[in-house]
Amino acid sequence: MDNSSGVGVLDKAALVLSALEAGPATLAGLVSSTGLARPTAHRLAVALEHHRLVARDMQGRFVLGPRLAELSAAAGEDRLLAAAGPVLARLRDITGESAQLFRRQGDYRICVAAAERPTGLRDTVPVGSQLTMRAGSAAQILLAWEDPERMNRGLQNAAFTAAALSQVRRRGWAQSVGERETGIASVSASVRSPSGKVIAAVSVSGPLERLTRQPGRMHAPAVVAAAERLSQSLRRNGE
């Protein structure tokens, strides 16, 4: 199938953005994945960076830029976020704990929606928070179904192991106790696109004294059900 639009520079820029959808890439990685000449790939990536469609991570690798999220929000096309509000509110009410929705962005996960427990001791994760991909149940979910190379890279210096991610894949949910922050526990499950790709993680989190050292026993069924409701909403809307 010919994906050419007839405007060569736009087609090449689209190749760069599509390559970065899979995660951070060095210039050599962009050249390899796009088939573009090195000077061309560099020129396009830098130009896209100027317009904030591409950015750099802490290692200097190219990643998708913040302007893409801004455009998506402005167009009102993010059906996942549109569906997340009531689903997270219901999850918070069922569990009595704060609920969040995380998406991966490079080496981090971003809280894109949240429903906070209104009173009492709670784990507050504001929308827009940038958290590590090296710890926490949501990080486990967002890494567990990645391709082997990216998964192995993500496991470097992580608080969890490959065996833990294997268990996540078997049972369909993840839990963490004090991984991201001492005294905090969490449970997460995957949200999937209509094609089956994991695109987000639904989580509940709170103090260890309430969630216990086995938070999944208390809250995994509710979290998995919430994640499935979001996945179903995407299938209905054909995202």
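Residues numbered from 1 in each chain as written. Predicted model: local features only at pLDDT ≥ 70, side-chain atom pairs only at ≥ 80, totals over all residues. Heavy atoms only, no water.

1. Some details on the environment of A115
Thought 1: As for its position among the elements, A115 is in strand 4 (residues 108-115).
Thought 2: The class of A115 is buried, set by a relative accessible area of 7%.
Thought 3: Separated by 22 residues in the primary sequence, A115 and D93 have C-alpha atoms spaced 9.3 Å apart. (Helix = DSSP H or I, 4+ residues; strand = E, 2+ residues; numbered from the N terminus. Buried < 20%, exposed > 50% of the residue type's maximum accessible area, 1.4 Å probe, protein only.)

2. Some details on the layout of surface pockets
Thought 1: Approximately 240 Å³ is the volume found for the second largest pocket.
Thought 2: Every residue along the wall of the second largest pocket is listed here: A19, A22, G23, P24, A25, T26, G29, S33, D147, E149, R150 and R153.
Thought 3: Contributions of two or more residues to the lining of the second largest pocket are made by helix 2 (27-34) and helix 7 (148-155).
Thought 4: The leading source of residues in the lining of the second largest pocket is helix 7, at 3 residues.
Thought 5: The residue makeup of the lining of the second largest pocket includes at least three contributed by each of domain 1 (8-74) and domain 2 (79-237). (1 Å grid on protein atoms, 1.4 Å probe; cavity = no way out; pocket = protein on both sides within 12 Å on 5 of 7 lines; lining within 4 Å. Points joined across faces, edges and corners; volume = space filled by probe spheres on them. Domains from an automatic or database assignment.)

3. Observations regarding the nonpolar core
Thought 1: Formed by 24 residues in total, the largest nonpolar core has its most connected members in L88, L91, L101, V191, V202 and L230.
Thought 2: Listing elements by their share of this core, those giving two or more residues are helix 5 (79-95), strand 3 (98-105), strand 4, strand 7 (184-192), strand 8 (198-207) and helix 10 (215-237).
Thought 3: When residues in this core are grouped by element, the largest group, 7 residues, is from helix 10. (Core = buried A, V, L, I, M, F, W, Y, C linked by side-chain atoms within 4.5 Å.)

4. Focus: the pattern of salt bridges
Thought 1: The final tally for this structure, using the stated rule, is 9 salt bridges.
Thought 2: R56 is the partner of E49 in a salt bridge, and the nearest nitrogen-oxygen pair spans 3.2 Å.
Thought 3: A residue is classified by how much of its surface remains accessible, and E49, at 26% relative accessible area, is partly exposed.
Thought 4: R92 is paired through a salt bridge with D93; the nearest N and O atoms lie 3.1 Å apart.
Thought 5: Taking the relative accessible area as the measure of exposure, R92 reaches 22% and is therefore partly exposed.
Thought 6: Using a relative accessible area of 57% as the deciding quantity, one classes D93 as exposed. (Salt bridge = Lys/Arg side-chain N within 4 Å of Asp/Glu carboxyl O.)

5. Structural notes on unusual backbone geometry
Thought 1: A positive phi is found at R52, a non-glycine position, where the angle reads about 65 degrees.
Thought 2: In this model, T212 sits at a positive phi of 70 degrees, which is unusual for a non-glycine residue.
Thought 3: For T212, the location among the structural elements is in the loop between helix 9 (208-211) and helix 10.
Thought 4: Take T212: its relative accessible area is 34%, and that puts it in the partly exposed class.

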